[in-house]
Amino acid sequence: MKQLTFILSIFLILVLGSVKNSFCQEDKFIIVYNNMSAETDLESDWGYAAWIELDGEIYLFDSGTKGDIFKSNLEKLNLDPGKINKVIISHNHYDHIGGLSAISEELKPNTKVYLPEMIDDELLKQMNSLDFQVEKDFKKIGDRIWITRVMENPANRIKEHALVIEKGEKYIIITGCAHPGISGMCKEIADYFQGKTPELVTGGFHLIATSDSNVEEISATLKEIGIEKAGASHCTGEKAISIFQKDWGENFVQLYLGDEYVF
Ligand SMILES: [Zn+2]
Ligand SMILES: [Zn+2]
């Protein structure tokens, strides 16, 4: 009888342990800063940031504009900046990098911050406990997570890289503003990850001043690349977003402030 109780206890520990593990290991990202907002208690403001939980690691992609709003949104969502393992800044614009100094003291010392180019010296001095890395090429920064090559908009010289998360035979693309051009960026990523299917592209597509017919063309190009779902947001612009919503139907994913995507 004692033996049976012992075996039963071991069985229960194993079962409960695996339930707990699978619960904790849910891979997802949450939009923690966005000017696009549906129903949420969080504060909406111009900018973008995504909190990514992947294989037990935490990645922060961009940091919004205002430190106080960024911090209070994280607090409301119960997300602790002290748990972040790596930070990726898509490009050197205030609405993506502005909130970083507000959490720099809470980040672990020597936390790697991946940038597409050096940001201003004053800001770097304020955050001297962090390890800033300027990367130019595709780089794997975790088991299933990559930053892309730094791409540049030839007209305004804005340099930007995007984030790619692998998911078996598929992958997800997250962009900050996509200044180099959303379709060109996605094409280059698709070439690099040839043989895999792009499940989703989300973030800012920077189409605020783009004509409706050009937005329709870009939307069609993204489909031709083989992208299954689109989550246009941030600087895509409300008009362009509504074109995407119509064009992608049930494959339009709303990823506004506070929304999350489980993968
Ligand atoms: Zn932006
Ligand atoms: Zn920008």
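So, a few notes on the structure that sits alongside this text. (Residues numbered from 1 in each chain as written. Chains lettered and ligands numbered in written order. Predicted model: local features only at pLDDT ≥ 70, side-chain atom pairs only at ≥ 80, totals over all residues.)

**Overview of the overall build of the chain**
(1) Moving on: When its secondary structure is counted, the chain shows 8 helices and 15 strands.
(2) Moving on: At 20 Å, the chain has a C-alpha radius of gyration in line with the 18 Å of a compact globule built from 263 residues.
(3) Moving on: Here the C-alpha coordinates of the chain stretch approximately 75 × 45 × 35 Å along the principal axes.
(4) Moving on: By residue count, 40% of the 263 residues in the chain fall in the buried class. (Helix = DSSP H or I, 4+ residues; strand = E, 2+ residues; numbered from the N terminus. Rg over C-alpha atoms; globule rule 2.2 N^0.38 Å. Buried ≥ 20, exposed ≤ 12 C-beta atoms within 10 Å, placed from the backbone.)

**A look at the sheet that holds strand E3 (residues 57-61)**
(1) Moving on: Taking strand neighbours across the sheet as the criterion, the 7 strands line up as E6-E5-E4-E3-E2-E1-E15 in an open arrangement whose pairing is mixed. Of all the strands in the sheet, the pair left with one neighbour each is strand E6 (131-134) and strand E15 (260-262). Strand-to-strand twist of the sheet, defined as the mean angle between neighbouring strand axes without regard to direction, takes the value 20°.
(2) Moving on: Sheet analysis places E3 next to strand E4 (residues 86-88), joined by 3 bridges and oriented parallel. Residue Tyr59 lies in a different strand from E4, and its bridge partner there is Lys86. (Pairing = 2+ DSSP bridges. Axes fitted to C-alpha atoms, helices over the stretch in contact; angles between N-to-C directions.)

**Some remarks on unusual backbone geometry**
(1) Moving on: Residues other than glycine seldom take positive phi values, yet Asn110 does so here, at roughly 65°.
(2) Moving on: With respect to the secondary-structure elements, Asn110 resides in the loop between helix H4 (100-103) and strand E5 (112-115).
(3) Moving on: Asn110 gets classed as exposed once you count the C-beta atoms within 10 Å, which come to 8.
(4) Moving on: Of note in this structure, Ala178 is not a glycine but carries a positive phi near 55°.
(5) Moving on: Residue placement: Ala178 occurs in the loop between strand E12 (170-175) and helix H6 (182-192).
(6) Moving on: On the basis of neighbour counts, which here come to 29 C-beta atoms within 10 Å, the residue Ala178 falls in the buried class.

**Some points on the pairing of strand E11 (residues 163-167)**
(1) Moving on: Summarising the sheet, strand E8 (residues 145-147) and E11 pair through 3 bridges and their orientation is antiparallel. Bridge pairing links Trp146 to Val164 in E11.
(2) Moving on: Relative to E12, E11 is paired through 5 bridges, and the arrangement is antiparallel. From the neighbouring strand, Glu166 faces E12, where its bridge partner is Tyr171.

**What about helix H7 (residues 212-225)?**
(1) Moving on: Between its first and last C-alpha atoms H7 spans 20 Å; for 14 residues at 1.5 Å apiece the expected length is 20 Å, and the two agree.
(2) Moving on: Looking at H7, one finds that the buried residues are Val215, Ile218, Ser219 and Leu222. Taken around the axis of H7, the buried residues stretch over an arc of 100°, which confines them to a single face. Projecting away from the buried face of H7 at angles above 90 degrees are the exposed residues Ser213, Asn214, Ala220 and Glu224.
(3) Moving on: On its buried face, H7 is in contact with H6, strand E13 (197-204), strand E14 (229-233) and helix H8 (238-248).
(4) Moving on: Gly226 sits one or two positions beyond H7 and adopts a positive phi of about 105°. (Expected span 1.5 Å × (residues − 1). Arc of directions from axis to C-beta. Contact = placed C-beta atoms within 7 Å.)

**Some remarks on the pairing of E5**
(1) Moving on: Pairing of E4 with E5, which is carried by 3 bridges, proceeds in the parallel orientation. By the bridge assignment, Val87 is partnered in E5 with Val113.
(2) Moving on: Of the strand pairs in this sheet, E5 and E6 are connected by 4 bridges, and their pairing is parallel. Paired with Tyr114 across the two strands is Gln133, which belongs to E6.
(3) Moving on: On the question of chirality, the crossover connecting E5 to the parallel E6 by way of helix H5 (residues 121-126) is right-handed. (Right-handed = clockwise from strand over helix to strand, strands pointing away.)

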